[in-house]
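These are the residues of each chain, in order.
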Amino acid sequence: MRPEEAAALIADGAVLLDVRDPAEWRAGHAPRARHIPLGQLADRIGELPSDRPVVTVCRSGARSRQAAALLARHHRQVHNLAGGMQAWVQAGMALQAKGGRPGRLS
């Protein structure tokens, strides 16, 4: 899924799930994103709503593809953001850091 499609789906109530490492998340993430690192996702799937689509994202799309496959095996409606946060930023989408400060990709 392209960033513009993901943004529209998120605006309609989908969850944007960022599966990057904590340091990457702290440097900058999409507003309204949920953070569950890929290595913790299997144990924390229950934290995600089962009645809404989930869009997975990482830096480039590789880890989020793994997360999407895991969620699909648990019968979740899931989409992977192609190109990850790199594509998100290239599409002009916002990044924020702690406290709402402007974020950056690390």
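Look up a bit, the structure's there.
The following refers to the structure shown. (Residues numbered from 1 in each chain as written. Predicted model: local features only at pLDDT ≥ 70, side-chain atom pairs only at ≥ 80, totals over all residues. Heavy atoms only, no water.)

On to the sheet that holds strand β2 (residues 34-35). The four strands lie next to each other as β2-β1-β3-β4, forming an open sheet whose pairing is parallel. Whereas interior strands pair on both sides, the edge strands pair on one side only; in this sheet they are β2 and β4 (78-80). One ladder, built from two bridges, connects strand β1 (residues 15-18) with β2; its direction is parallel. Its bridge partner being in β2, aspartate 18 is matched across the sheet by histidine 35. (Pairing = 2+ DSSP bridges. Helix = DSSP H or I, 4+ residues; strand = E, 2+ residues; numbered from the N terminus.)

What follows covers the side chain of serine 64. Among the structural elements, serine 64 can be located in helix α4 (residues 62-73). Residue serine 64 is classed as buried on the basis of its relative accessible area, which comes to 0%. Those residues in contact with serine 64, other than ones at most four positions away along the chain, are Val19, Thr56, Val57, Cys58, Asn80 and Leu81. (Buried < 20%, exposed > 50% of the residue type's maximum accessible area, 1.4 Å probe, protein only. Contact = heavy atoms within 4.5 Å.)

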